[in-house]
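The lines below spell out each chain.
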Amino acid sequence: MKKILLSTLCLIVSVGLFAQSIPHEISYQGKLYNGTSSAVTGTVSLTFTIGSWTEIHPSVQVNDGLYSVILGETNPIPASVFENSSSVKLDVSVNGSDLSPQTEILSVPYAYKAEKAENTDSIGGNAVSTSSPTSGQVLKWNGSQWAPGTDNSGGAPSGAAGGDLSGSYPNPTVSKIQGQQVSTTAPSSGQVLKWNGSQWAPQKDSIGGFSLPYSGSYSGNKVAFQIENPTSGGGAMFFAGGSNILQLAPAPSLGTTWGATGLLDIENQGGSYNGLSINNNSSGEGIEIDSYSKNNGTALYINSSDNGGIELQSLSNNLPALEVENTGDAIVAHFSGLSSNSPVLEVQQSGSANAALFDGNIEIDGNVKIIGSISKSSGTFKIDDPADPANKFLYHSFVESPDMMDVYNGNIITNSNGIAVVQLPDYFEALNKDFRYQLTVIGVFSQAIVYKKISNNQFTIKTDKPNVEVSWQVTGIRHDPYANAHRVVPVVEKSAKEKGHYLDYKEYNQPFAKSIEAVDHPEKLPKNGGK
């Protein structure tokens, strides 16, 4: 049956309150006839094609032959179909049959807008000159419009100088250094710039030695004595036949009010040399520091921003490398680090003894990473009680198991056939073996079974009724390489020296002498035999 297509094209103009944009849609109207005179009424499928663009309207309502559609409604029409062509045709197909003749698409108001964009006469609402530019010129604002002009960005600066410079370009004067004033006094031969407290000024370069015996005084607030050695040799060495090699003390006039920067300040800023090296071959202390301050003074303060603040090594089998004892109520030791690249405290032990022993409670504010195993008497998590977080804590104990067990659970609803597939993590079977299942139906009386066991990290539940919520739990035993190499042995015999002693001696109503700690550290046993 021959169909004749009568059609019209019109443009949708989209106008916004503050801006306009060109829509990628075309309003299309047409009229369909069966044969030559019978108008179509009903629903038809129309396919529209413009070049490489195609869009199908599967259910178009036709009334007395008339219909209307929006081309680009589901597949926006790209601007590229109108490029590089003086004539653009629209093909229409009705229920799979092509209509003829093709419809030629003519220009619309937005097309004139696009043509106008090819000849820009303003930028940002400011006029552009019609003068023709020459090679190398740029657009410059001349006060009334954008016009071609010379690009002189590479020229010498001019005008008043600023910052640490005074005067005018091209011959300004350096009047400051890093914002600090420079004196206008003319220097003489051999002088250097020195800071005199208010400005940089020419002064004598006072370097050289001094003769012994030497005694002097200084009343300023700067360094009174400084030695710098830029070579790899020794900086300063002191030898004495008496008891003190070097003695530092406050001036008698200061009494007990000592300097804020300390009696001795040692700074090491070069190479891999020690900031301070003390070799003691006598029976006394290598270094003794006593602090009698009543104002929170620190006996020893070490600030390191690179490789390490202090390193202690003991070659004795009986004495520790470091012993810290505090008889007051303050913290025994405090470690604070400002570097994000190295640990604040690192303890290494190459032997079989403990790297560290803590006798008392430990509080850690941060994450804990343990590479290896951990054993404990008990364990809980402690969080703010969600029901009353401002006033209560909530404790839960850990799940204890001799099998290195992992627990997974959740809820799922079966479909209309009573089937539900539970998807487990993609690492489940690589981590676990010996699976165990528990199912509990919720809300209705129904039967639920494990229809298909775990395979490909999933298992299937089946209920005898549709749409049943099932609470499930699956456990597995770890069989990853680390677990296989470090299986938990539930019951282990105590060593000969540990037998008869307890980890938790207090809970078994035993004295400290019966504790495992007393076996490992007999020096802690009370001399009076008390608990």
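Refer to the structure printed above.
Quick caveat, the model's predicted, so the values are computed rather than measured. (Residues numbered from 1 in each chain as written. Predicted model: local features only at pLDDT ≥ 70, side-chain atom pairs only at ≥ 80, totals over all residues. Heavy atoms only, no water.)

Novice: What is the right way to look at the environment of L32 in this model?
Specialist: Relative to the assigned elements, L32 resides in strand β2 (residues 26-34). Among the residues examined, L32 registers a relative accessible area of 2% and is labelled buried. For the pair L32 and L66, spaced 34 residues apart in sequence, the C-alpha separation works out to 6.6 Å. (Helix = DSSP H or I, 4+ residues; strand = E, 2+ residues; numbered from the N terminus. Buried < 20%, exposed > 50% of the residue type's maximum accessible area, 1.4 Å probe, protein only.)

Novice: Looking at this structure, I do not really get the sheet that holds strand β24 (residues 405-413). What am I missing?
Specialist: Strand pairing in a sheet relies on backbone hydrogen bonds, with the paired strands running either antiparallel or parallel. Judged by pairing direction, the sheet is antiparallel, and its three strands sit side by side in the order β24-β29-β26 without closing on themselves. A single partner strand is all that each edge strand has here, and the edge strands are β24 and β26 (432-442). Pairwise comparison of adjacent strand axes, ignoring direction, gives a mean angle of 15° for this sheet. One ladder, built from nine bridges, connects β24 with strand β29 (residues 469-478); its direction is antiparallel. Directly across from M405, in β29, lies its bridge partner I477. (Pairing = 2+ DSSP bridges. Axes fitted to C-alpha atoms, helices over the stretch in contact; angles between N-to-C directions.)

Novice: What should I look at first to understand the packing of aromatic side chains in this one?
Specialist: Aromatic ring pairs are reported here in terms of the distance separating the ring centres and the angle at which the planes meet. On inspection of all chains with the given rule, the structure shows 10 aromatic pairs. Taken together, a centroid distance of 5.0 Å and an interplanar angle of 75° make the contact between Y408 and F428 edge-to-face. Residue Y408 is located in strand β24, and its partner F428 is located in helix α2 (residues 428-431); the two are separated by 20 residues in the primary sequence. Overall, F428 belongs to the buried group, its relative accessible area being 0%. Pairing F459 with W472 gives two aromatic rings, centres 5.8 Å apart and planes at 80°, and the pair type is edge-to-face. On the criterion of sequence distance, the pair formed by F459 in strand β28 (residues 458-463) and W472 in strand β29 is long-range, its members being 13 residues apart. Residue F459 shares its accessibility class with W472, and that shared class is buried. One aromatic cluster in this structure is built from Y28, F48 and Y67. Of note, K462 hangs over the ring of Y451, and the distance from its end group to the ring centre comes to 5.6 Å. The cationic tip of K494 hangs over the ring face of Y502; the distance from NZ or CZ to the ring centre is 5.3 Å. (Phe/Tyr/Trp six-rings, centres within 6.5 Å; stacked < 30°, edge-to-face > 60°. Lys NZ or Arg CZ within 6 Å of the ring centre and 35° of its normal.)

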